[in-house]
Amino acid sequence: MQTKFDFKSLDDGRTVYVRRVATADLPLDVQEQAEGAEQLYAVHNADGERIALVTDRKMAFILARQNDLAPVAVH
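Residues numbered from 1 in each chain as written. Predicted model: local features only at pLDDT ≥ 70, side-chain atom pairs only at ≥ 80, totals over all residues. Heavy atoms only, no water.

Enquirer: I would appreciate a short explanation of unusual backbone geometry in the present structure.
Expert: When glycine is set aside, most residues are seen to have a negative phi, and most peptide bonds are trans. One non-glycine residue, Glu35, adopts positive backbone phi at about 50 degrees. One can find Glu35 in the loop between α1 (28-33) and β2 (39-44). On the basis of relative accessibility, which here comes to 75%, the residue Glu35 falls in the exposed class. The backbone of Asp68 sits at a positive phi, close to 55 degrees, despite the residue not being glycine. The residue Asp68 is located in the loop between α2 (57-66) and β4 (70-73) in this model. (Helix = DSSP H or I, 4+ residues; strand = E, 2+ residues; numbered from the N terminus. Buried < 20%, exposed > 50% of the residue type's maximum accessible area, 1.4 Å probe, protein only.)

Enquirer: Teacher, can you tell me more about the side chain of Thr15 here?
Expert: Within the fold, Thr15 resides in strand β1 (residues 15-22). In this structure, Thr15 is in contact with Ala46, Ala70 and Val72, ignoring residues within four places of it in sequence. (Contact = heavy atoms within 4.5 Å.)

Enquirer: Can you help me understand the pairing of strand β3 (residues 50-54) in this one?
Expert: Side-chain positions along a regular strand alternate between the two faces of the sheet. Pairing between β2 and β3: four bridges, direction antiparallel. Paired with Val43 across the two strands is Ala52, which belongs to β3. Here β2 folds back onto β3 in antiparallel fashion, the turn holding five residues, of which Gly48 has a positive phi close to 90 degrees. (Pairing = 2+ DSSP bridges.)

Enquirer: In this structure, what is going on with the sheet that holds β2? I would like to understand it.
Expert: To summarise the sheet geometry, strands pair through backbone hydrogen bonds and adopt either a parallel or an antiparallel arrangement. Pairing within the open sheet is mixed, and its four strands lie in the order β3-β2-β1-β4. Looking at which strands have only one partner, the edges of the open sheet turn out to be β3 and β4. On average, each strand axis in the sheet is tilted by 30 degrees relative to the strand beside it, whichever way the strands run. With four bridges joining them, β1 and β4 adopt parallel strand pairing. Within the sheet, the bridge partner assigned to Thr15 lies in β4 and is Ala70. α2 rests against β1, β2, β3 and β4 of the sheet, and its axis sits at about 150 degrees to β4. (Axes fitted to C-alpha atoms, helices over the stretch in contact; angles between N-to-C directions.)

Now the structure itself:
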């Protein structure tokens, strides 16, 4: 099957991406609020804008789903 498919039509703007971030790579004011955590999990929209930071991966997915978003893991 060689039929092209436009996958952009599937994205209704609800997809968000969850990825682990090192606390040391975040701005100093965010690092201070991390209370010693070495890593956090960021939730990003399709444009790459970070919309949330949480302390664990499971919480990132729960947060997204509670806000009617469809989370996807980014490695």
